[in-house]
Amino acid sequence: MRLLAILLSVSLATGCATASKNISSSYVSPMQYNNYTCEQLSQEASNIQARVSEVGGAVDSKAHADKWITGAGIVLFWPALFFVGNNKDKEAEFSRLKGEYEAVQKAAVQKQCFVKK
């Protein structure tokens, strides 16, 4: 019983990677896109969205793997719990990219790039 308590403490202390849907965006000022044309804003949004998908996939993959490692670590092999987490760089990049995408969208709205029907 004591061993189980220790294992649970270790797993909670190491932390798991966060799924992309649970990562909030960082604030990025839309002013950095003031000199962009509507076409440039559209291209920038596409580029950022592609990178968001790529990084989001990596973040989600790590979060999924951490769940499995935690389960296996608690039940089978507790040293595996030391490999849980360590995804903060990707999570920070994902948050920044989400913020950049929102900033591009705000800049596009301010420039009235979207045609209303």
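Residues numbered from 1 in each chain as written. Predicted model: local features only at pLDDT ≥ 70, side-chain atom pairs only at ≥ 80, totals over all residues. Heavy atoms only, no water.

Visitor: Sorry, what's going on with the overall build of the protein chain here?
Guide: A tally of regular secondary structure across the protein chain gives three helices and zero strands. Starting at the N terminus, the α and β elements of the protein chain follow one another as α-α-α. Within the protein chain, the fraction of its 117 residues that count as buried is 32%. In the protein chain, 84% of the contacts between residues at least 6 apart in sequence involve partners at least 24 apart. Split by element, the accessible area of the protein chain, about 7900 Å² in all, is 59% carbon and sulfur. (Helix = DSSP H or I, 4+ residues; strand = E, 2+ residues; numbered from the N terminus. Buried < 20%, exposed > 50% of the residue type's maximum accessible area, 1.4 Å probe, protein only. Contact = heavy atoms within 4.5 Å. Areas by Shrake-Rupley, 256 points an atom, 1.4 Å probe, with all protein chains shown as cover.)

Visitor: What exactly am I supposed to notice about the pattern of salt bridges here?
Guide: A side chain of one charge can pair with a side chain of the opposite charge when the charged atoms of the two come close. Applying the stated rule across the entire model yields five salt bridges. Residue K90 pairs with E93 through a salt bridge whose shortest N-O separation is 3.9 Å. Pair noted here: K90 and E93 are both in helix α3 (residues 88–110), with a separation of three residues, about one helical turn. Overall, E93 belongs to the buried group, its relative accessible area being 18%. Taken together, the salt bridges that share partners define one network made up of R51, E54, K90, E93, R96 and E100. (Salt bridge = Lys/Arg side-chain N within 4 Å of Asp/Glu carboxyl O.)

Visitor: Where do I start with the packing of aromatic side chains in this structure?
Guide: For any pair of aromatic rings, the description consists of the separation of the ring centres together with the inter-plane angle of the planes. Scanning all chains against the criterion turns up one aromatic pair. Relative to Y36, the ring of Y33 lies with its centre 5.1 Å away and its plane at 80°, an arrangement referred to as edge-to-face. Classification of Y33 by relative accessible area gives buried; the value is 3%. (Phe/Tyr/Trp six-rings, centres within 6.5 Å; stacked < 30°, edge-to-face > 60°.)

Visitor: Would you explain the nonpolar core in this entry?
Guide: Taken as a class, soluble globular proteins show a tendency for nonpolar side chains to be buried jointly. Core analysis: the largest hydrophobic core is formed by 16 residues, its most contacted members being Y33, L41, I48, F94 and V104. Within the residue set of this core, elements represented by two or more residues are α2 (38–75) and α3. Setting aside anything within four residues of it in sequence, one finds Y33 in contact with L41, E44, I48, E100, A103, V104, A107 and K111. (Core = buried A, V, L, I, M, F, W, Y, C linked by side-chain atoms within 4.5 Å.)

Visitor: Mind showing me how you'd approach α3 here?
Guide: One turn of the α-helix equals 3.6 residues, which is why residues spaced by three or four share an orientation. The first and last C-alpha atoms of α3 sit 33 Å apart over 23 residues, in line with the 33 Å expected at 1.5 Å per residue. Turning to α3, its buried residues number three or more, namely E91, E93, F94, S95, L97, G99, E100, A103, V104, A107 and A108. Phi turns positive, to about 55°, at Q112, one or two residues after α3. (Expected span 1.5 Å × (residues − 1).)

Visitor: In this structure, what is going on with the confidence of the model for the protein chain? I would like to understand it.
Guide: For residues with low pLDDT, the predicted coordinates do not support detailed interpretation. Mean pLDDT over the protein chain works out to 75, with 63% of the residues at or above the 70 mark. Per-residue pLDDT stays below 50 along residues 3–14; that stretch engages in 13 contacts with residues further than four places along the chain or on separate chains. (pLDDT = per-residue confidence, 0-100.)

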